[in-house]
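Structural characterization, general
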Amino acid sequence: MLPGVGVFGTGEIANVLVPLLREKGFEVKAIWGRTLREAKETANAQNVTFYTNVIDEVLLRKDVDLVFIVCQPFLHAEISVKALGIGKHVVCDKPAGLHQTDSMKMVRAAQYYPTLISLVNHPLRFLPAFTQMRRCLQDGLIGSLGEVVLMDVRVQMGTLFPEKYNWMCDAQMGGGALNLVGSVVDLVHFLLQQQAIRVHGVLRAYTKTTPSINGIRQITAPDFCNFQMELSSGTLVTVALHSHTVPTKSFSQEVLVYGSKGHLVVRGGDLFILKESQQKEEAVYVDVQDLHVSTNNSLLPRPYIKGLCKMVGALKEAFNSKESSWIKAPVSTAATFEDGLYVQAVVEAIRKSNETRQWQRVQLTTDVPLNHDQIIRYGYARMSTM
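The name given to the chain in an unreviewed UniProt entry is Glucose-fructose oxidoreductase domain-containing protein 1, with Drosophila hydei as the source organism. Note on the chain: under the UniProt heading Sequence similarities (unreviewed entry), the record states "Belongs to the Gfo/Idh/MocA family."

Right, here's the structure in full:
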């Protein structure tokens, strides 16, 4: 049987996630929101019977064995650590905490409980176009991975900010373009199997107010991000991301990888290749698959929704094993908490580069491993302050 699911969060992702979980056969047993009203509204809209604004009431339910954490980033580490400490499987949305110290707590907890699933939701890893691109790179269709000289990523989308002021509008709370940058950084690592050694970035918050956000508070989260990464092999990655496209639901994504024998490119959900002997690009994968659940009203980009759907499907396969409670193979390509720590290190370096206007080295933090009692105390101590 598939495990019962508890969902932490009431935003766009939660409203897309719950129907996807049901479509794959999971039962959503509980919804958590920051306020009881938010939890009730989402639970009623998604037809979930139990809702609460108390974290323990979800985690301690016996019919909840898997938790999806899609709430505000400053809560990600605390809920993840506590859930693992009491034996729950965890899928946490990006980013893995606000800082590397949060990410490290999550890594240590996952290492202490290796029999539990602990994943970060980077859905582009599961998008068929990128899984095919990774296979093409590994097969050397445009040269070996070591011969990849340049990767260019361009993302254009509508506004990132909701009608009402929330954490997405606040840079200190993990809002804005940096939230999406994490998925791009992880995608580069997933495709090229290399890590960044130094970065140079520019962040800007051009949107200060919206028609519904024009009071005392101003938007501080960046809506423009442009950065370069130098990878361990010398490969250069350039990324340009902005959220000024009109209409607001529009989304454009292009990922180009240049090798010694040609290039691969993903546009939207389609993959094309141009080898050195060819004059025209050839289609490798064309996305014709449609979603079985309605997501027309969601502001989430369609490729991200499709990737999330594929990840939920992989989780279903993992839990459907008759040999044990779950098997690793279906989710082996998913991002782990260690991947989340690396992404957090890169994002912090980009932020620091923007402040200093200089190239910055990517530095992973180190921390003392936590034992079981410390993990439980950390989770409960942080929850008691909320």
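Having seen it, we continue.
Considerations on the overall build of the chain
Helix and strand counts for the chain stand at 10 helices and 16 strands. Looking at the chain as a whole, 53% of its 386 residues are labelled buried. Look at the contacts in the chain between residues 6 or more apart in sequence, and 69% of them connect residues 24 or more apart. In the structure as shown, the chain presents an accessible area of about 17300 Å², 49% of it carried by carbon and sulfur atoms.

Topic: the side chain of serine 243
For serine 243, the location among the structural elements is in the loop between β10 (236-242) and β11 (251-259). With a relative accessible area of 6%, serine 243 lands in the buried category. With residues near it in sequence (within four places) discarded, serine 243 still touches Met157, Gly158, Thr159, Leu160 and Asp223.

Things to note about the environment of phenylalanine 8
Along the chain, the position of phenylalanine 8 falls in strand β1 (residues 5-8). With a relative accessible area of 0%, phenylalanine 8 lands in the buried category. Separated by 24 residues in the primary sequence, phenylalanine 8 and tryptophan 32 have C-alpha atoms spaced 4.7 Å apart. Once residues lying within four places of it in the same chain are set aside, the contact partners of phenylalanine 8 are Trp32, Ile55, Val58, Leu59, Val67, Phe68, Ile69, Val70, Cys71 and Ile79.

With respect to the packing of aromatic side chains
By convention here, two paired aromatic rings are described through the distance between centres and the angle between planes. Taken as a whole and assessed by the stated rule, the structure comprises four aromatic pairs. For the ring pair tyrosine 112 and tyrosine 113, a centre distance of 5.1 Å and an interplane angle of 70° mean the geometry is edge-to-face. For tyrosine 112, a relative accessible area of 40% puts it in the partly exposed group. Taking the relative accessible area as the measure of exposure, tyrosine 113 reaches 14% and is therefore buried. Ring geometry for tyrosine 206 and phenylalanine 224: centres 6.0 Å apart, planes at 65°, overall edge-to-face. With tyrosine 206 in the loop between β8 (196-204) and β9 (224-231) and phenylalanine 224 in strand β9, the pair connects residues that are 18 residues apart, well separated along the chain. Overall, the relative accessible area of 53% leaves tyrosine 206 in the exposed class.

A short note on the sheet that holds strand β5 (residues 89-93)
The seven strands are arranged β3-β2-β1-β4-β5-β6-β15 in an open sheet whose pairing can be described as mixed. Unpaired on one side and paired on the other, β3 (50-52) and β15 (335-336) mark the two borders of the sheet. As paired strands, β5 and strand β6 (residues 118-121) are joined by four bridges and run parallel to one another. Within β6, the position partnered with aspartate 93 by the bridge is asparagine 121. Its contacts with the sheet put helix α1 (residues 12-23) on β1, β2 (28-32), β4 (66-69) and β5, and the angle it makes with β1 is roughly 170°. Its contacts with the sheet put helix α4 (residues 76-85) on β1, β4, β5 and β6, and the angle it makes with β5 is roughly 170°.

Some details on the sheet that holds β8
Strand pairing in a sheet takes place through backbone hydrogen bonds and is either antiparallel or parallel in direction. Sheet architecture is open: nine strands sit in the order β14-β13-β12-β11-β7-β10-β9-β8-β16, paired in mixed fashion. Taken across any chain shown, the strands that pair with only one partner, and hence form the sheet edges, are β14 (282-285) and β16 (360-361). Bridge analysis of strand β12 (residues 262-267) against strand β13 (residues 270-275) gives six bridges, and the strand direction is antiparallel. Along β13, the bridge assignment pairs valine 266 with leucine 271. Lying on the sheet, helix α7 (residues 177-192) is in contact with β7 (150-157), β8, β9, β10 and β11; it crosses β9 at an angle near 25°.

Quick look at unusual backbone geometry
Cis geometry marks the peptide bond from lysine 94 to proline 95; its omega dihedral reads -5°. Counting through the fold element by element, proline 95 comes out in the loop between β5 and α5 (100-112). Here asparagine 47, not a glycine, exhibits a phi torsion of approximately 60°, which is positive. The topology assignment puts asparagine 47 in the loop between α2 (36-46) and β3. Phi at glutamine 193 is positive, roughly 55°, even though this residue is not glycine. Of note, glutamine 193 is situated in the loop between α7 and β8.

Let's talk about the side chain of glutamine 72
Position of glutamine 72 among the secondary structure elements: in the loop between β4 and α4. Among the residues examined, glutamine 72 registers a relative accessible area of 15% and is labelled buried. Beyond its immediate sequence surroundings of up to four residues, glutamine 72 is in contact with Trp32, Arg34 and Trp167.

So, the pairing of β2
The buried fraction of β2 amounts to four of the five residues, a majority that puts the element mostly inside the structure. Alignment of β1 against β2, held across four bridges, turns out to be parallel. Paired with valine 5 across the two strands is valine 28, which belongs to β2. Taken together, β1, α1 and β2 constitute a β-α-β crossover, and its handedness is right-handed. Bridging between β2 and β3 involves three bridges; their strand directions are parallel. Residue pairing in the sheet places tryptophan 32 in a bridge with threonine 52 of β3.

The rules behind the values
Residues numbered from 1 in each chain as written. Predicted model: local features only at pLDDT ≥ 70, side-chain atom pairs only at ≥ 80, totals over all residues. Heavy atoms only, no water. UniProt positions renumbered as here; feature names shortened; annotations may be inferred. Helix = DSSP H or I, 4+ residues; strand = E, 2+ residues; numbered from the N terminus. Buried < 20%, exposed > 50% of the residue type's maximum accessible area, 1.4 Å probe, protein only. Contact = heavy atoms within 4.5 Å. Areas by Shrake-Rupley, 256 points an atom, 1.4 Å probe, with all protein chains shown as cover. Phe/Tyr/Trp six-rings, centres within 6.5 Å; stacked < 30°, edge-to-face > 60°. Pairing = 2+ DSSP bridges. Axes fitted to C-alpha atoms, helices over the stretch in contact; angles between N-to-C directions. Right-handed = clockwise from strand over helix to strand, strands pointing away.

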